[in-house]
Amino acid sequence: VPTSPASAPSESPAAAGEFPPFPQSRWGYLGRGHPVMEIESMRTESKGKLLCVVAPLENGDGDLNTDEHWDQKDSEPSEEEPGGGSCGDLGPDEGISKGSDEEEDLSSPKAPPPQPDAPKKEHINVVFIGHVDAGKSTIGGQIMYLTGMVDKRTLEKYEREAKEKNRETWYLSWALDTNQEERDKGKTVEVGRAYFETEKKHFTILDAPGHKSFVPNMIGGASQADLAVLVISARKGEFETGFEKGGQTREHAMLAKTAGVKHLIVLVNKMDDPTVNWSTERYEECKEKLVPFLKKVGFNPKKDIHFMPCSGLTGANLKEPTDMCPWYTGLPFIPHLDSLPNLNRSSDGPVRLPIVDKYKDMGTVVLGKLESGSISKAQQLIMMPNRHTVEVLSLLSDDVETDDADPGENLKLRLKGIEEEEILPGFILCSPDNLCHSGRTFDAQIVIIEHKSIICAGYNAVLHIHTCIEEVQIKTLICLIDKKTGEKSPNRPRFVKQDQVCIARLRTAGTICLETFKEFPQMGRFTLRDEGKTIAIGKVLKLVTERD
């Protein structure tokens, strides 16, 4: 084989009798000194023995039989060549199969297709909230394993990988923390989604981040939930850190209440820890500290809150009762969820679907929870506030394709008639005959929760309302409200401070979709945040029309 263009004609492959003769000038050189032919003109001379295709063949004419010798040479680098193996030391086959295995494992578990005659189970969205490292993702992963949504093989794979990184207790949380950054740091960043079914209900798990930098993501997750699970760690020192000022246990409970979560289950996790060892005293101590605070936030301790001990890592008291704590007589976690009373949702209201996220995938796909009304395939809807008319091409409820969806379901919709760039989280899909309100100015009742100094007119903050995040300014303070009597002050206040309730006029930087709290609570409650802290919670009382 010639290795350089300077080779004498006598050394050409033709002379060696390997290939049909053709003029030396026709040879080019490619890659590792392989001779290359100018295909188009030489096809007939070479009697079909072509070495490598340079020009594409038109209309597939000519049945090419590529020379075996060169074929092998190209596809398999020789052993002497450095870095020849396709996956380091693995043979090419092993490397490929490992990759495909990996993809197969990481894909989310597919739910079995529902039988056509089976009645539709009630959908409930559960958000896991609490301080960072309380064990939210681990409990979520354990529940998915106990209900058969993650198979043992996948978990064993996660366990191996976690062990290699000296993080063996984290493997369960990897079922929900799927991206590399979350796994490396052991912190959830985005709201993880998964689902599981019990005999009576279909649950969507929303695994919220506990870290204070990611509270905006957590608010988005809580706004889709019907039920919150506040996870607290019973380990000595950890509960205190989460509960003290600056800990997320307080803030998350408050945000969940503001987001409209009616029922709260408090899971006292890490009961199997050596410092706790399933002790009743520690469990009761956590309970005593939490109840007064949750009461202050607005939960009714008798009706809305349920405490239970558990261990996310061992799975004790999540599905089956455990012998470790004979003092707890209630149901374990999953059976307790199943026994909760049904939520009353009306599917005959107007369609309202606040958008949480969007992406491109053979068209425009949006994600969100259907708050009211029902959606079916090929339905025409309006995207507010930009008033785009869109058509629903397909509907996925928890990754299972359906033809129609009822309120409370977490949906993925593929839309026609709108580009992905034209949508922002916080936009709302509405029925054409009943659009939601949109505007910039509104009056609201606000409770100042935590703010060091006073707040006056002209104060700027970030408004979180349903799934929308927008900058907002307090234009005027209208009046103060007495917390005990509910009376309004006769004159306008000059400022408000912590723990006061006031009515104020707010104006957002851009147009947003919102409703009054009275008409549609899910789209009428909001939080105000500034400098990474939640400053106030409030509800929309009145929408003010703009004067041009």
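- Taking an unreviewed UniProt entry as the reference, the chain is identified by name as G1 to S phase transition 1, like belonging to Neogobius melanostomus.
- Here is the UniProt Catalytic activity (unreviewed entry) comment for the chain, exactly as written: "GTP + H2O = GDP + phosphate + H(+)".
- What UniProt states about the chain under its Sequence similarities (unreviewed entry) heading is, verbatim, "Belongs to the TRAFAC class translation factor GTPase superfamily. Classic translation factor GTPase family. EF-Tu/EF-1A subfamily."

## Quick notes on the overall build of the chain
Part 1 of the reasoning: Along the backbone of the chain there are 12 helices and 23 strands.
Part 2 of the reasoning: Out of the 548 residues in the chain, the part that is buried amounts to 46%.
Part 3 of the reasoning: Here the analysis covers contacts within the chain between residues at least 6 apart in sequence; of these, 67% occur between residues at least 24 apart.
Part 4 of the reasoning: Accessible surface, the chain as shown: approximately 27800 Å² in total, 50% of it carbon and sulfur.

## A short note on the pattern of salt bridges
Two side chains that carry opposite charge are able to pair once their charged atoms sit near each other.
Part 1 of the reasoning: According to the stated counting rule, one finds 19 salt bridges in the structure shown.
Part 2 of the reasoning: Note that Glu 238 is salt-bridged to Arg 235, the shortest N-O span being 3.0 Å.
Part 3 of the reasoning: When its relative accessible area of 24% is taken as the criterion, Glu 238 is described as partly exposed.
Part 4 of the reasoning: Where Arg 505 meets Asp 443, a salt bridge forms, and the shortest distance between an N and an O atom there is 2.8 Å.

## Focus on helix α6 (residues 152-164)
Part 1 of the reasoning: Helix length check: α6, at 13 residues, gives a terminal C-alpha distance of 18 Å against a target of 18 Å (1.5 Å per residue), a fit within 8%.
Part 2 of the reasoning: Here α6 has its buried residues at Thr 154, Leu 155, Lys 157, Tyr 158 and Ala 162. One side of α6 carries all its buried residues, which in axial view fall inside an arc of 155°. Among the exposed residues of α6, those pointing more than 90 degrees away from its buried face are Lys 152, Arg 160 and Glu 164.

## Description of the pairing of strand β16 (residues 410-416)
Part 1 of the reasoning: Pairing of strand β10 (residues 364-369) with β16, which is carried by six bridges, proceeds in the antiparallel orientation. From the neighbouring strand, Val 365 faces β16, where its bridge partner is Arg 414.
Part 2 of the reasoning: Bridge analysis of strand β13 (residues 388-397) against β16 gives six bridges, and the strand direction is antiparallel. By the bridge assignment for β16, Ser 397 is matched with Leu 411.

## Considerations on the nonpolar core
Part 1 of the reasoning: Phe 128, Ile 143, Leu 230, Val 266, Leu 290, Leu 294 and Phe 333 are the most contacted members of the largest nonpolar core, which has 75 residues in total.
Part 2 of the reasoning: In this structure, Ile 143 is in contact with Phe 128, Phe 196, Ile 205, Leu 318, Phe 333 and Ile 334, ignoring residues within four places of it in sequence.
Part 3 of the reasoning: Counting 24 residues, the second largest nonpolar core, distinct from the first, contains Phe 442, Ile 465, Ile 474 and Leu 477.

## Brief notes about the side chain of Arg 525
Part 1 of the reasoning: The residue Arg 525 is located in strand β22 (residues 525-530) in this model.
Part 2 of the reasoning: In this structure, Arg 525 is in contact with Thr 258, Ala 259, Gly 260, His 464, Ile 465, His 466, Phe 517, Gly 538 and Lys 539, ignoring residues within four places of it in sequence.

## Looking at the environment of Phe 526
Part 1 of the reasoning: With respect to the helices, strands and loops of the structure, Phe 526 is situated in strand β22.
Part 2 of the reasoning: Leave out the neighbours within four places in its chain, and Phe 526 touches Thr 258, Phe 442, Ala 444, Ile 446, Leu 463, His 464, Ile 465, Ile 537, Gly 538, Lys 539 and Val 540.

## Thoughts on the environment of Glu 238
Part 1 of the reasoning: Among the structural elements, Glu 238 can be located in helix α9 (residues 238-243).
Part 2 of the reasoning: Along the primary structure Glu 238 and Asp 133 are separated by 105 residues, whereas in three dimensions their C-alpha atoms are 8.6 Å apart.
Part 3 of the reasoning: Discounting residues that sit within four places of it in the chain, Glu 238 has contacts with Asp 133, Ser 233 and Lys 270.
Part 4 of the reasoning: A distance of 2.7 Å separates a polar atom in the side chain of Glu 238 from a polar atom in the side chain of Ser 233.

## Details of the sheet that holds strand β18 (residues 438-448)
Part 1 of the reasoning: Taking strand neighbours around the barrel as the criterion, the six strands line up as β18-β21-β20-β19-β22-β23 in a closed arrangement whose pairing is antiparallel. Sheet twist, expressed as the average angle between the axes of neighbouring strands with direction ignored, equals 45°.
Part 2 of the reasoning: Examined bridge by bridge, strand β20 (residues 468-481) and strand β21 (residues 501-513) share eight bridges and lie antiparallel to one another. Within β21, the residue paired with Gln 473 across the bridge is Arg 507.
Part 3 of the reasoning: Relative to the sheet, helix α8 (residues 215-222) contacts β19 (460-465), β20 and β22, its axis offset from that of β22 by approximately 175°.

What counts and what doesn't
- Residues numbered from 1 in each chain as written.
- Predicted model: local features only at pLDDT ≥ 70, side-chain atom pairs only at ≥ 80, totals over all residues.
- Heavy atoms only, no water.
- UniProt positions renumbered as here; feature names shortened; annotations may be inferred.
- Helix = DSSP H or I, 4+ residues; strand = E, 2+ residues; numbered from the N terminus.
- Buried < 20%, exposed > 50% of the residue type's maximum accessible area, 1.4 Å probe, protein only.
- Contact = heavy atoms within 4.5 Å.
- Areas by Shrake-Rupley, 256 points an atom, 1.4 Å probe, with all protein chains shown as cover.
- Salt bridge = Lys/Arg side-chain N within 4 Å of Asp/Glu carboxyl O.
- Expected span 1.5 Å × (residues − 1).
- Arc of directions from axis to C-beta.
- Pairing = 2+ DSSP bridges.
- Core = buried A, V, L, I, M, F, W, Y, C linked by side-chain atoms within 4.5 Å.
- Polar contact = N/O pair within 3.5 Å; in protein donor to acceptor, adjacent residues only side chain to side chain.
- Axes fitted to C-alpha atoms, helices over the stretch in contact; angles between N-to-C directions.

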